[in-house]
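# A look at the structure
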Amino acid sequence: MIKKSPFSFWYRNGLTLFFLALFAITLAGQALTGWKENNNKIVEEGGKALAFASYLRSGHFISATFENFQSEFLQMGMYVLLTVGLRQIGSAESKSLTEQEEVDREPKPGPNAPSLVNKGGWWLKVYSNSLSLCFLLLFLISWILHFYGSWVDHNNQQLLKHKPAETFTGFLSEPTFWFETFQNWQSEFISIVSIVFLSIYLRQKGSPESKPVDAPHMETGK
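Below you will find a few notes about this structure. (Residues numbered from 1 in each chain as written. Predicted model: local features only at pLDDT ≥ 70, side-chain atom pairs only at ≥ 80, totals over all residues. Heavy atoms only, no water.)

Here the focus is the packing of helix α4 (residues 59–85) against helix α9 (residues 175–201). The description of two packed helices rests on the angle between their axes and on the distance between the axes. Where α4 meets α9, the closest approach of the two axes is 9 Å, and the angle between their N-to-C directions is 35 degrees. In the crossing of α4 with α9, the sense of the turn from one axis to the other is right-handed. Every residue of α9 that contacts α4 at S63, E67, N68, Q70, S71, E72, L74, Q75, M78 and Y79 is listed here: E180, T181, Q183, N184, W185, E188, F189, S191, I192 and V196. (Axes fitted to C-alpha atoms, helices over the stretch in contact; angles between N-to-C directions. Helix = DSSP H or I, 4+ residues; strand = E, 2+ residues; numbered from the N terminus. Left-handed = near helix turned anticlockwise from the far one by under 90°. Contact = heavy atoms within 4.5 Å.)

Here's what the structure looks like:
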């Protein structure tokens, strides 16, 4: 029999729901401001402004949205995977330099274990790496959609300027797409450096991303 939680749905899922709400608000803001900004460019070039529904299917919106998604999924995927083997002395984001941790233990089947753990075999092997695999898949999908949106938007701009469109492969060699990609990637990598390094010396009481306030600077892990 499943024991009923004494906490409300909102309390149990507050962190996810809060950031989902922020995501929806900021995505709506991006869509509205991007629509107006893109229409200004189109009108300046002598084209016809897009309706909002049409803009949501445009290369400009697709590129801008998935340009950010792919860098975030790359960041999280690499962070999840690289923290398995790499260490940073004193960081709350690192595993211990010397001791085995709970996350390193071999999975054991049991009544409370996820069903794929109880199945064992290749199901267990995939499930044991499912978080990083999921981020990798989300990154690849987002990267492809970013490229597609950027390509479509570039060709729409070329059309407005009465210039020939780029082929799919031709655009891949252009600097535009790679500039958009690298400017996002570098910001994600420096954000990882920030949380890993700053958690050595700085604290936030009550946060699971921080060490206890009175912990020594060189104490590694939470």
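Text resumes after the structure shown.
Further remarks concern the pattern of salt bridges. Inspection of every chain in the model, using the stated rule, returns three salt bridges. The salt bridge involving K41 is made with E37; its shortest N-O contact spans 3.2 Å. Here K41 pairs with E37, and both are found in helix α2 (residues 14–44), just four residues apart, close to one helical turn. With relative accessibility at 39%, the residue K41 sits in the partly exposed group. Between R105 and E102 there is a salt bridge, with the nearest N and O atoms lying 2.6 Å from each other. Owing to a relative accessible area of 57%, E102 belongs among the exposed residues under this scheme. (Salt bridge = Lys/Arg side-chain N within 4 Å of Asp/Glu carboxyl O. Buried < 20%, exposed > 50% of the residue type's maximum accessible area, 1.4 Å probe, protein only.)

Here the focus is the packing of aromatic side chains. Summed over the entire model, instances satisfying the criterion amount to 23 aromatic pairs. Taking the centre distance of 6.0 Å and the plane angle of 5 degrees together, the rings of W143 and F147 count as stacked. Separated by four residues within a single helix, W143 and F147 lie in helix α7 (residues 130–160), roughly one turn from each other. For W143, a relative accessible area of 22% gives the class partly exposed. (Phe/Tyr/Trp six-rings, centres within 6.5 Å; stacked < 30°, edge-to-face > 60°.)

Right, let's talk about the environment of L74 for a bit. Within the secondary structure, L74 sits in helix α4. Note on L74: relative accessible area 13%, which makes it buried. Expressed as a C-alpha distance, the spacing of L74 and L137, which sit 63 residues apart in the sequence, is 9.7 Å.

Let us now look at the packing of α2 against α4. For the pair α2 and α4, the least separation of the axes is 10 Å and the interaxial angle reads 140 degrees. The orientation of α2 with respect to α4, classified from their angle, is oblique. Both α2 and α4 take part in a crossing whose hand is right-handed. Of the residues in α4, those in contact with F23, L27, Q30, A31, G34, E37 and N38 of α2 are H60, F61, A64, T65 and F69. Looking at the contact of α2 with α4, its residues break down into six nonpolar, five polar and one charged. (Parallel < 35°, antiparallel > 145°, perpendicular 65-115°, else oblique. Nonpolar A, V, L, I, M, F, W, Y, C, P; charged D, E, K, R; others polar.)

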